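# Topology and contacts: notes
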Amino acid sequence: AQSVSQHNHHVILSEAASLELGCNYSYGGTVNLFWYVQYPGQHLQLLLKYFSGDPLVKGIKGFEAEFIKSKFSFNLRKPSVQWSDTAEYFCAVNAKGGFKTIFGAGTRLFVKA
Amino acid sequence: ETGVTQSPTHLIKTRGQQVTLRCSSQSGHNTVSWYQQALGQGPQFIFQYYREEENGRGNFPPRFSGLQFPNYSSELNVNALELDDSALYLCASSLGLVLGRGGYTEAFFGQGTRLTVV
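Quick look at the structure, then. As the structure is a computational prediction, the values presented were derived from the model and not from experiment.

## Looking at the interface of chain B and chain A
Between chain B and chain A, the contact holds 26 residues from the first and 21 residues from the second. Counting the surface lost from both chain B and chain A, the interface buries some 1,800 Å², and carbon and sulfur atoms represent 56% of this. Run the count over chain B and chain A and you get zero salt bridges. Scanning the region where chain B abuts chain A turns up three residue pairs in polar contact (both at pLDDT 80 or more). Looking at the side of chain B that touches chain A, the elements with two or more residues in it are β4 (31-37), β5 (44-50), β6 (53-57) and β9 (87-94) of chain B. No other element matches β6 of chain B, which puts three residues into the side of chain B that touches chain A.

## Structural notes on the packing of aromatic side chains
Following the criterion strictly, the structure yields 15 aromatic pairs over all chains and no others. Here tyrosine 25 of chain A and phenylalanine 72 of chain A contribute two aromatic rings whose centre-to-centre distance is 5.5 Å and whose plane-to-plane angle is 75°, an arrangement assigned as edge-to-face. Residue tyrosine 25 of chain A is found in strand β4 (residues 23-26), and its partner phenylalanine 72 of chain A is found in the loop between β8 (64-68) and β9 (73-78); the two are separated by 47 residues along the sequence. With centroids separated by 5.4 Å and ring planes inclined at 85°, the aromatic side chains of tyrosine 36 of chain A and phenylalanine 109 of chain B adopt a geometry described as edge-to-face. Separated into two different chains, tyrosine 36 of chain A in strand β5 (residues 31-38) and phenylalanine 109 of chain B in strand β10 (residues 108-109) make up a pair that spans both. By the burial criterion, tyrosine 36 of chain A is buried, and phenylalanine 109 of chain B matches it. By the ring-pair criterion, three or more aromatic residues cluster together here, those being Phe34, Tyr36, Phe51, Phe90 and Phe103 of chain A together with Tyr35, Phe45 and Phe109 of chain B.

## Points about the nonpolar core
Grouped together as the largest cluster of nonpolar side chains are 29 residues, with contacts concentrated most on Leu33, Trp35, Leu47, Leu48, Phe74, Leu76 and Tyr89 of chain A. One finds Trp34, Ile46, Phe47 and Phe64 of chain B within the second-largest nonpolar core, a separate group that totals 20 residues.

## Some details on the state of the cysteines
Throughout the structure, instances matching the rule amount to two disulfides over all chains. The partner cysteine of cysteine 23 of chain A in its disulfide is cysteine 91 of chain A, sulfur to sulfur 1.9 Å. An S-S torsion of about -65° defines the bridge between cysteine 23 of chain A and cysteine 91 of chain A as left-handed. Of the two residues, cysteine 23 of chain A sits in strand β4 while cysteine 91 of chain A sits in strand β10 (residues 87-95), which places them 68 residues apart along the sequence. Of the two residues, cysteine 23 of chain A and cysteine 91 of chain A, neither departs from the other in class, the shared state being buried. With its sulfur 1.8 Å from that of its partner, cysteine 23 of chain B forms a disulfide with cysteine 91 of chain B.

Parameters at a glance
- Residues numbered from 1 in each chain as written.
- Chains lettered and ligands numbered in written order.
- Predicted model: local features only at pLDDT ≥ 70, side-chain atom pairs only at ≥ 80, totals over all residues.
- Heavy atoms only, no water.
- Contact = heavy atoms within 4.5 Å.
- Buried area = accessible area lost by both parts, 1.4 Å probe.
- Salt bridge = Lys/Arg side-chain N within 4 Å of Asp/Glu carboxyl O.
- Polar contact = N/O pair within 3.5 Å; in protein donor to acceptor, adjacent residues only side chain to side chain.
- Helix = DSSP H or I, 4+ residues; strand = E, 2+ residues; numbered from the N terminus.
- Phe/Tyr/Trp six-rings, centres within 6.5 Å; stacked < 30°, edge-to-face > 60°.
- Buried < 20%, exposed > 50% of the residue type's maximum accessible area, 1.4 Å probe, protein only.
- Core = buried A, V, L, I, M, F, W, Y, C linked by side-chain atoms within 4.5 Å.
- Disulfide = S-S within 2.5 Å.

Quick look at the structure:
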């Protein structure tokens, strides 16, 4: 069965600090990978996605993620966070040809101004 | 704004009652998925509808059922509500591809319906 593990449930950073949120998935086949963000009081929205090709993908708001197939990982990074990045971040995976997207439990990021 | 709208935004029901939640998909999207997000957890997949037929289901009992209409709007019905059904229910629409040919495009989420069962 597919599963997604996010290593940190809560992260607190100061503005301008670098961010890396870990995500590992469990699935033996080919997958699509996603990071979603949920700002306070808002809906889930897509930060970035990986379907195929270059394993380093760039998303909105300066975020990027690297797919490392051998490690089943899809870590999210941002070189310098801002107070407005305070939100909950979800890693998600679906199997190519599959019908459901599996989400991790989420990481709450709080950025101190 | 994602173009996916859900109603109502908040709902309080009594244990044992039935509830219907509604979702209007983004224009042109023929696939809708429903998720349950309990407090402090990630969204859990309930089921998915593609062109009015259920084409996948997660680990939820049969009292969770759904419908998708010709205009691709959707309903989630929950019978015999239990206290543990209290959660945020999310609808996500996407443009489904043919199964087996690479999966689906990204999903666009609505803001959810907050259901409280007392």
